[in-house]
Amino acid sequence: MTGYLITGRPVPTTHQTCTDQRFSRVPTLQLPKRLQGRGTQIIGRYGHPCMLTTLEQSAPGWRSRLWADRWIYLFLVPTVVLIGTFTVYPVLASLWFSLLDWNGFGSAGAFVGLANYQELWGDRLFWNAFSNTLVFLAFAVPLRVGLALFLAVILNATFPLVRVFRTAIFLPVVTTAAIVGVVMRYVLDPTSGPINLVLLNSGILDQPVNFLGRSSTALYAAIGIWVWKWLGVTLIYWLAALQTIPRDVYEAAEVDGANPLYRFFYITLPMLTPFTIIITLITVIEATNVFDLMLTLTGGGPFYGTEVIDIFVYRQAFTANIPRLGYASAAAIFFGVCFAAIAAVQAVALIKFRARRRSS
Amino acid sequence: MNNYSAEMAGISRRAILKSGAAFAALAAVAGSRAFAQGTTTIKWWDIFQPLIPLHTKMWEDYAADHPISVDYTGMNPSDMMQALQLAVRSNQAPDVFNVPSGDPATLASLNAADWFAPLDDSFVFDKPYQQQTLAEGFTQFGGKLYSFPIFSFRWHSTSLWHSKPALEAVGASLSDTANWDDIRAAAKAATTDGKYGLLLPLQFTARIADHLTDLAMAAGAPGRIDWRTGEYALASDEFVAALDFWLSFQKDGSLHPASASLDARQGRSRWAAGEAAMFFDGPWNSGVLTNNFADFLEGVEVTPLPTPAGVDKAYAQRPPIPGTFFISSQSEHAKEASEVMQLMTTEEYYVALAERMDQPPLDLDAVAKANVHPTYRKAVAGFADSVRLAPDPLIRNPDVAKVYAEMRDITPGLGEIIQGAFSGSFDDPRPILQDLADQMTAERDRAIKVATDNGAKVSVDDWVFDNWTPGTDYTSDMY
């Protein structure tokens, strides 16, 4: 590959023309060592007469470039090894496992081709888990992102105790999700839980609500808990994003007589668009990883009412009497592919939407 | 220890470090000395938390005059299989372990994956009641002895336990022959003042499936499989009636509302805290209550598996009991492990085991000699009259193991369906139960086909036992 390299090395043209003492010690023009003998030649120079920079035409191969940037690669090694071991390898291994009939007791399974995927296609409980995950996403993500933005706009102002409020909202984030699941079972308990006690004692209800025990309410209770638990993180994102909007824009709008609602919809929201996209994306990813909370909160019950895809995979791989690692892997891979497809469609739509907006 | 308390004790930080280092050095020396003496350490994993004091003492006594010690790790039942899978695959399996589910299908799969090693030839298990328990696929593989049960098969988990003071306070009581309607009425009466009649551990699906099966058998069902025809009987009238009986508590409002989110341990402690009057549980309830709620136990009464009509005897058919502990094929100490396991076959051991008040010991007569709570004695005495041994196709035809190993769990299973009925996921459980029975039949047919394709000689007729009469023991000579 042919390219131009501009070395940062200042080279005086002649000692006669350059009187600046700072450059007097610079050696005569020569190629940097790393490029010598590799088909690189100097084709020109530019810059201040005292500090000419050489313009070199070089044809370094990938090897020489690799060698040239060896320190970069050296520092990348730990990351590559860790990601390779704990992310890439498991994904590739799952891909292979998904083609096996394997109970995990023996050292290897039997190759069955796409049979696991075929079975998934007709598995009601897999689709139930799939739809539970989508319902979770559909409710939890807008709720968390929207509510956090609402709170961020309020808490972005300065008023007494604002830090206390911010801390209070952030506090659940630092607790362990699995512990939150256990504690919430007590909080939502139909007989002794504080929520039911308040509802009963205040006369709003005359019968306790079994939030986690009814199929109709369990998933939504879980969504509520998840949103409460993670709201603080999103709030911090939004607060950081809000800091990027220059104050003078608001001041100008105020001078023009825009009320707070107008300022929000015509300044804040449009200026936050890039943040909205990234915050939503992060939240969507987090909303598909709710294993720890769900396992301790409901274990996927009652009657698979809160069985999201993670719990389905876990059940197949570990809690069944005869585990099915191949089938569990197939479920995980299949869901991953579907999810990637949804994300791709979303990305394409976004690009088209932007392009249309730009052209209009 | 923080600085302040160290100063208060007159010890400097350096002294603590020095003594710590000295202690570590001493421990290292002691450890290497023990090794030099040739002590064999058996790594032992099991889930029998209530038996820890008994086993630890037994092993320590044995280690005092034998060069064998046991390194015990108590496991959570729900994590055990996962931990074992990882340990076996990474060549770090314990020498001895138990298989929590213990069902022959799992054992067949594990044996097929070469997890087990046979007991040493020196192992003796020859008393008549011991010999009766030996069966291919349960304790033996290929005719060799791999394991043995420490518990009797004569037990069920569906005795009805109630708090006498709670019932007396509302003018109710329960006799040993109380029928389903009596129990429902008593529960209704006891539901008052923030307290409820009955608590069911609905989150523990395996347990409630056992409860319901026992109740269905009390109503006359042959069990989950009707051995006379070999067909799954899960959608029979008796199963539906038993589920209706349970659901009636919810309709009456006498079911503890938190039932849906409680497992057996949590349910038991809330029952013991006085939140409900009745609780279905196995004989180990006496043991757990003795250890944790001794005051409450004094007011507790146990009645046998209740029947719809209140007859004085209901039969529960139980499958043969599988071996309790297995030696790992990766163990280099199979002989020493067998030696330690031999300790669990003596009369004294059965008496001591009874005194832990867990599942009844293999020798039921030991309970009479043991110092146990009256409720435990009563519950176990009832088992001798009412629990009968069911046949098992695996004993008739060892090739059935290949079918068991191939059969996959059907979901939703019985436990999940019960949970679903309570959570309002469907109105009529009968078609769902029928669907389960149909799916299990189809899965068994599929597994039989796979097994026969691979050369096994097995057919669905192996599940049919014409000469079986419900309410009787199906002994080995009847196969």
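It should be emphasised that the depicted structure is a prediction, and the values quoted were computed from it without experimental measurement.

Topic: the overall build of chain A
Along the backbone of chain A there are 13 helices and five strands. The proportion of buried residues among the 360 residues of chain A is 29%.

Quick word on the overall build of chain B
Along chain B, the regular secondary structure elements total 21 helices and 15 strands. The C-alpha radius of gyration of chain B comes to 25 Å, within 12% of the 23 Å expected for a compact globule of 479 residues. C-alpha extents for chain B along the principal axes are approximately 70 × 65 × 45 Å. Per-residue burial for chain B yields a buried fraction of 47% across its 479 residues. Taking the intrachain contacts of chain B between residues at least 6 apart in sequence as the baseline, contacts between residues at least 24 apart amount to 75%.

Here we look at the interface of chain B and chain A
Listed by partner, the interface residues are 28 residues for chain B and 28 residues for chain A. If you list the elements that add at least two residues to the side of chain B that touches chain A, you get helix 4 (77-89), helix 5 (104-112) and helix 20 (414-423) of chain B. Here the residues of the side of chain B that touches chain A are counted per class, giving eight nonpolar, 14 polar and six charged.

Notes on the sheet that holds strand 11 (residues 276-281) of chain B
All names here are of chain B. Judged by pairing direction, the sheet is mixed, and its four strands sit side by side in the order 8-11-7-12 without closing on themselves. For this open sheet the edge positions go to strand 8 (196-199) and strand 12 (300-303), each flanked by a neighbour on one side alone. Taken pair by pair, the neighbouring strands of this sheet meet at an average axis angle of 20°, ignoring direction. Two elements, strand 8 and strand 11, share three bridges in a ladder whose sense is parallel.

A few points about the confidence of the model for chain B
Residues and elements named next belong to chain B. For chain B, mean pLDDT is 90; residues scoring 70 or higher make up 92% of the total. Between residues 1-11, whose pLDDT stays under 50, and residues either more than four places distant or in other chains, the model counts five contacts. Here residues 28-36 is a poorly scored stretch, pLDDT under 50, and it has one contact once near neighbours within four places are set aside; other chains count. Model confidence for the complex: the whole-complex pTM is 0.81, and ipTM, which rates the interface, is 0.78.

Let's talk about helix 5 (residues 162-174) of chain A
Between its terminal C-alpha atoms helix 5 of chain A stretches 19 Å, which fits the 18 Å expected from 13 residues at 1.5 Å a residue. Where helix 5 of chain A bends most, the angle comes to about 25°, and this point is Ala168 of chain A, followed within four residues by the proline Pro172 of chain A.

Side note on the nonpolar core
By size, the foremost hydrophobic cluster in this structure holds 133 residues, and its most contacted members are Leu198, Leu212, Ala242 and Tyr404 of chain B. Per-element tally for this core: the top contributor is helix 21 (residues 429-453) of chain B, with seven residues. Not counting residues within four places of it along the chain, the set of residues in contact with Tyr404 of chain B comprises Pro104, Ala105, Ala108 and Leu394 of chain B. Core analysis: the next-biggest nonpolar cluster, separate from the first, contains 59 residues, Phe126, Leu149, Ala221 and Leu325 of chain A among them.

So, the packing of helix 8 (residues 180-190) of chain B against helix 10 (residues 237-252) of chain B
All names here are of chain B. The contact between helix 8 and helix 10 brings their axes to 10 Å, and the two run at 25°. Judged by the inter-axis angle, helix 8 sits roughly parallel to helix 10. Helix 10 is crossed by helix 8, and the crossing has right-handed handedness. Residues Trp180, Arg184, Ala187 and Lys188 of helix 8 pack against Phe245, Ser248, Phe249 and Asp252 of helix 10. When the residues that make up the contact of helix 8 with helix 10 are grouped by side-chain class, the tally is four nonpolar, one polar and three charged.

Considering the sheet that holds strand 14 (residues 325-328) of chain B
Residues and elements named next belong to chain B. Here we have five strands laid out as an open sheet, ordered 2-1-3-14-4, and mixed in their pairing. At either margin of the open sheet sits one strand with a lone partner, and together these are strand 2 (68-74) and strand 4 (116-117). In terms of strand pairing, strand 3 (residues 96-98) meets strand 14 through three bridges, oriented antiparallel. Bridge assignment links Asn98 to a residue of strand 14, and that residue is Phe325.

Topic: the packing of helix 10 of chain B against helix 21 of chain B
Residue and element names in this part refer to chain B. Between helix 10 and helix 21, the shortest axis-to-axis distance is 10 Å and the interhelical angle comes to 135°. Overall, the two elements helix 10 and helix 21 adopt an arrangement that is oblique. Pair helix 10 / helix 21 crosses with right-handed handedness. Here helix 10 contributes Phe239, Val240 and Leu243 to the contact with helix 21, which in turn contributes Pro429, Arg430 and Leu433. Taken together, the residues of the contact of helix 10 with helix 21 sort by class into five nonpolar, no polar and one charged.

Focus: unusual backbone geometry
Cis geometry is found at the peptide bond from Gly301 of chain A to Pro302 of chain A, where omega equals -5°. The omega angle of the peptide bond from Thr411 of chain B to Pro412 of chain B is -5°, so this bond is cis rather than trans. One can find Pro412 of chain B in the loop between helix 19 (400-406) and helix 20. Backbone geometry at Leu161 of chain A places phi at a positive 70°, although glycine is not the residue there. Mapped onto the elements of the fold, Leu161 of chain A is located in the loop between helix 4 (124-155) and helix 5. A positive phi angle, close to 55°, is found at Met357 of chain B, a residue other than glycine. Topologically, Met357 of chain B is positioned in the loop between helix 15 (347-355) and helix 16 (366-369).

Comments concerning the pairing of strand 2 of chain B
All names here are of chain B. Here strand 1 (residues 40-46) runs beside strand 2; their pairing, made up of seven bridges, is parallel. Bridging from a neighbouring strand, Lys43 pairs with Asp71 of strand 2. A crossover links strand 1 with its parallel partner strand 2, the connecting element being helix 3 (residues 52-65), and its sense is right-handed.

Focus: the pairing of strand 12 of chain B
Residue and element names in this part refer to chain B. Judged by which residues are buried, strand 12 turns out to be one-sided: Val300 and Val302 face inward and are buried, whereas Glu301 and Thr303, on the alternate face, are not. In this sheet, strand 12 lies alongside strand 7 (residues 159-163) in antiparallel orientation, the contact comprising four bridges. Looking at the pairing, Ser163 lines up with Val300 of strand 12.

A word on helix 9 (residues 247-255) of chain A
Burial analysis of helix 9 of chain A places just zero of its nine residues in the buried class, which makes it a mostly uncovered element. Positive backbone phi, at 90°, marks Gly257 of chain A, one or two positions downstream of helix 9 of chain A.

Quick look at the environment of Ser69 of chain B
Residue and element names in this part refer to chain B. Within the secondary structure, Ser69 sits in strand 2. For Ser69, a count of 18 C-beta atoms within 10 Å puts it in the partly exposed group. C-alpha separation for the pair Ser69 and Lys43, spaced 26 residues apart in sequence, amounts to 8.8 Å. Other than its neighbours up to four places away in sequence, Ser69 contacts Thr39, Thr41, Trp59 and Ala63.

Re the confidence of the model for chain A
For chain A, the mean per-residue pLDDT works out to 85, and 83% of the residues sit at or above 70. Below pLDDT 50 for its whole length, residues 1-5 of chain A participates in nine contacts with residues either more than four positions away or in separate chains.

Quick notes on the environment of Ile410 of chain B
Residue and element names in this part refer to chain B. Inspection of the secondary structure assignment puts Ile410 in the loop between helix 19 and helix 20. Taking the C-beta count within 10 Å as the criterion, Ile410 has 18 such neighbours and is therefore assigned partly exposed. The spacing of Ile410 and Glu443 is 33 residues in sequence and 8.0 Å in space, taken between C-alpha atoms. Leave out the neighbours within four places in its chain, and Ile410 touches Leu436, Gln439, Met440 and Glu443.

The rules we used
- Residues numbered from 1 in each chain as written.
- Chains lettered and ligands numbered in written order.
- Predicted model: local features only at pLDDT ≥ 70, side-chain atom pairs only at ≥ 80, totals over all residues.
- Helix = DSSP H or I, 4+ residues; strand = E, 2+ residues; numbered from the N terminus.
- Buried ≥ 20, exposed ≤ 12 C-beta atoms within 10 Å, placed from the backbone.
- Rg over C-alpha atoms; globule rule 2.2 N^0.38 Å.
- Contact = placed C-beta atoms within 7 Å.
- Nonpolar A, V, L, I, M, F, W, Y, C, P; charged D, E, K, R; others polar.
- Pairing = 2+ DSSP bridges.
- Axes fitted to C-alpha atoms, helices over the stretch in contact; angles between N-to-C directions.
- pLDDT = per-residue confidence, 0-100.
- Expected span 1.5 Å × (residues − 1).
- Bend = angle between axes of the 7 residues up to and from the residue.
- Core = buried A, V, L, I, M, F, W, Y, C linked by C-beta atoms within 7 Å.
- Parallel < 35°, antiparallel > 145°, perpendicular 65-115°, else oblique.
- Left-handed = near helix turned anticlockwise from the far one by under 90°.
- Right-handed = clockwise from strand over helix to strand, strands pointing away.

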